[in-house]
Amino acid sequence: MTANRRAFIKKSVALSAYSIIATSGLLSLCEAKAKLLPDTPSTHSLQQTLKRLFKDQEIIASDKIDIQLPRIAVNGAAVSITVTSTLKDVESIAILVEKNPTPLAAKFELSPDLDPFVSTRLKIAESSAVLVIVETSEGFYSAGEKVIVTLGGC
């Protein structure tokens, strides 16, 4: 009985001390802040985004990138996508949606120890092309699919 009481008192004191420290400002949560470039507007075209991200590098169409994406999305707010690749030495995978206000939907930096496999959900504003660009040590490769959205997502 005394052990339970002691454990309760210890936890109560610890919680009270943490609350006081947190409210006094000595302990703060880390904030992640996205920073837009000062000279770029919040909306870009797909070509502007490609130029900004890949600096006029040659992007080669490849059949070694597999995109699993529904052809018709009932709700554009949550469209699942899975990207895999058989390309060697994959460094990053970028997913872009052509008609979104901000075309870059996701970019994944991959460790050399990982298989080139990513899966996520996209918000797609309207029916448009989804472009996947895979960066390897040898260059940039792309594949794309068209998605028809019946309800808007963005």
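Residues numbered from 1 in each chain as written. Predicted model: local features only at pLDDT ≥ 70, side-chain atom pairs only at ≥ 80, totals over all residues. Heavy atoms only, no water.

Draft legend 1. Representation of the nonpolar core within the structure. Within the largest apolar cluster, 23 residues are counted, with the highest numbers of intra-cluster contacts made by Ile65, Ile81, Val83, Ile93, Ile124, Val130 and Val132. Only strand S2 (65–68), strand S4 (79–85), strand S5 (90–97), strand S7 (117–122), strand S8 (128–136) and strand S9 (139–149) provide two or more residues apiece to this core. Setting aside residues up to four positions removed in sequence, isoleucine 93 forms contacts with Val83, Ala106, Lys107, Phe108, Leu110, Pro116, Val118, Val132, Ile133 and Val134. One finds Leu46, Phe54, Leu96 and Leu131 within the second-largest nonpolar core, a separate group that totals eight residues. (Core = buried A, V, L, I, M, F, W, Y, C linked by side-chain atoms within 4.5 Å. Buried < 20%, exposed > 50% of the residue type's maximum accessible area, 1.4 Å probe, protein only. Helix = DSSP H or I, 4+ residues; strand = E, 2+ residues; numbered from the N terminus. Contact = heavy atoms within 4.5 Å.)

Draft legend 2. Structural detail: the pairing of S2. What you see with S2 is a clean split: Ile65 and Ile67 sit on the buried side and Asp66 and Gln68 on the side with no burial. Here four bridges tie S2 to S4, and the two strands are oriented antiparallel to one another. Residue pairing in the sheet places isoleucine 67 in a bridge with valine 83 of S4. (Pairing = 2+ DSSP bridges.)

Draft legend 3. Structural detail: unusual backbone geometry. For lysine 55, which is not glycine, the phi torsion reads 50° and is therefore positive. In this structure lysine 55 comes out as exposed when scored by relative accessible area, which is 60%.

Draft legend 4. Inspection of the side chain of serine 142 at higher detail. Position of serine 142 among the secondary structure elements: in strand S9. Look past the residues within four positions of serine 142 in its chain and what remains in contact with it is Ile59, Ile60, Ala61, Ser62, Ile65, Leu131, Val132 and Ile133.

Draft legend 5. Region of interest: the pattern of salt bridges. Throughout the structure, instances matching the rule amount to two salt bridges. Note that glutamate 145 and arginine 71 form a salt bridge whose closest N and O atoms lie 2.9 Å from each other. Note that glutamate 145 is positioned in strand S9 and arginine 71 in the loop between S2 and strand S3 (72–73), a separation of 74 residues in sequence. The salt bridge involving glutamate 109 is made with lysine 107; its shortest N-O contact spans 3.8 Å. Overall, glutamate 109 belongs to the exposed group, its relative accessible area being 58%. (Salt bridge = Lys/Arg side-chain N within 4 Å of Asp/Glu carboxyl O.)

Draft legend 6. Representation of the sheet that holds S4 in the model. One open sheet holds the three strands; their spatial order is S2-S4-S7, and the pairing between them is antiparallel. The strands lining the two open edges of the sheet, one partner per strand, are S2 and S7. Taken pair by pair, the neighbouring strands of this sheet meet at an average axis angle of 15°, ignoring direction. Sheet topology note: the S4/S7 ladder contains six bridges and is antiparallel. Looking at S7, one finds that isoleucine 81 is bridged to threonine 120. (Axes fitted to C-alpha atoms, helices over the stretch in contact; angles between N-to-C directions.)

Draft legend 7. Local environment of the environment of lysine 64. The residue lysine 64 is located in the loop between strand S1 (59–61) and S2 in this model. For lysine 64, a relative accessible area of 44% corresponds to the partly exposed category. Between the alpha carbons of lysine 64 and serine 142 there is a distance of 9.1 Å; along the sequence they are 78 residues apart. Those residues in contact with lysine 64, other than ones at most four positions away along the chain, are Thr84, Ser85, Thr86 and Leu87.

Draft legend 8. Layout of the confidence of the model for the protein. For the protein, the mean per-residue pLDDT works out to 83, and 82% of the residues sit at or above 70. Mean pLDDT across the secondary structure elements of the protein bottoms out at helix H1 (residues 2–24), with 77, and peaks at S2, with 96. Residue range residues 30–41 is modelled with pLDDT below 50. Its contacts to residues more than four positions away, or to other chains, number three contacts. (pLDDT = per-residue confidence, 0-100.)

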